[in-house]
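Next come the chains, spelled out residue by residue.
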Amino acid sequence: MKKILIILALIFPLSAVQAITVDEIVEKASTLWKNEKAIKVPNFSLTDLEGNVHTDESTKGKYLVVNFWATWCPPCLKEIPAFVEFYDRHADKVQILGLDYEQADKKAIIEFTDTFMVNYPIILFDDKNGRQFTDFGEVFGMPTTYIYDPEGNLVDFRMGEIDIETLEKSIL
C-alpha cells in the first residue's frame, strides 16, 4: 500500500507537466494495485442498518464487493442502480456491502436507501463500524470499490463510478 501511495505521489505532479488525464492516473494506479502481492480481504465484523453482522468468515465462498459511497457524492448516486441490478442478478454468488463513508443519521440513510430501493446491506460509518473502514484500503475519492473473489483475494479495485458490465467482468 505504501508503494502505491509513493508512486501516486510521484505521478500526480507529473500529470500537470505531461498532461496525463485523471482516467490515465486511475488506470495506472489500478494496474499497480493489481501487480502488488496478493491482497486478501481483511478480518472484519460490520453491522448493517438492519442489525445483521457481516464478517470475513460469513462472506467466504462468495465474491465480496465493498463499495464506499456517500449521499453527497453524485457518481455514488449514479452507480446505485447498477449495484441493485447486479445484486438482483447475482445474489447467489455475490455479497455487496455498501459502506456509507460519512457521518449520517441512521434514519436519514434508511429513507435514502429506501428511495433508491437498495437491496444489499448498508453499513454506517459510526463508532461501531467506522474504525474498520480503512482496513479495506485507503479511500482517496468516492466512490471506491474493492472486489474480492470467493477465496478472499482482491481481484479488482475501482476509484470512481463503476457500471454493471465492469462488475460482471470481475466475477465471470
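The text that follows walks through the structure, step by step, so that each part is easy to find. (Residues numbered from 1 in each chain as written. Predicted model: local features only at pLDDT ≥ 70, side-chain atom pairs only at ≥ 80, totals over all residues. Heavy atoms only, no water.)

**Quick word on the state of the cysteines**
So, point 1. For the structure shown, the criterion picks out one disulfide.
So, point 2. What pairs with cysteine 73 in a disulfide is cysteine 76, and their sulfur atoms sit 2.3 Å apart. Across the S-S bond linking cysteine 73 and cysteine 76, the dihedral sits near 75°, which makes this disulfide right-handed. (Disulfide = S-S within 2.5 Å.)

**Remarks on the packing of helix 3 (residues 74-90) against helix 5 (residues 164-171)**
So, point 1. Between helix 3 and helix 5, the least distance of the axes is 9 Å, while the angle of their chain directions is 35°. The hand of the helix 3/helix 5 crossing is right-handed. Contacts from Ala82, Phe83, Glu85, Phe86, Arg89 and His90 of helix 3 reach helix 5 at Ile164, Leu167, Glu168 and Ile171.
So, point 2. The residue makeup of the contact of helix 3 with helix 5, split by class, is six nonpolar, one polar and three charged. (Axes fitted to C-alpha atoms, helices over the stretch in contact; angles between N-to-C directions. Helix = DSSP H or I, 4+ residues; strand = E, 2+ residues; numbered from the N terminus. Left-handed = near helix turned anticlockwise from the far one by under 90°. Contact = heavy atoms within 4.5 Å. Nonpolar A, V, L, I, M, F, W, Y, C, P; charged D, E, K, R; others polar.)

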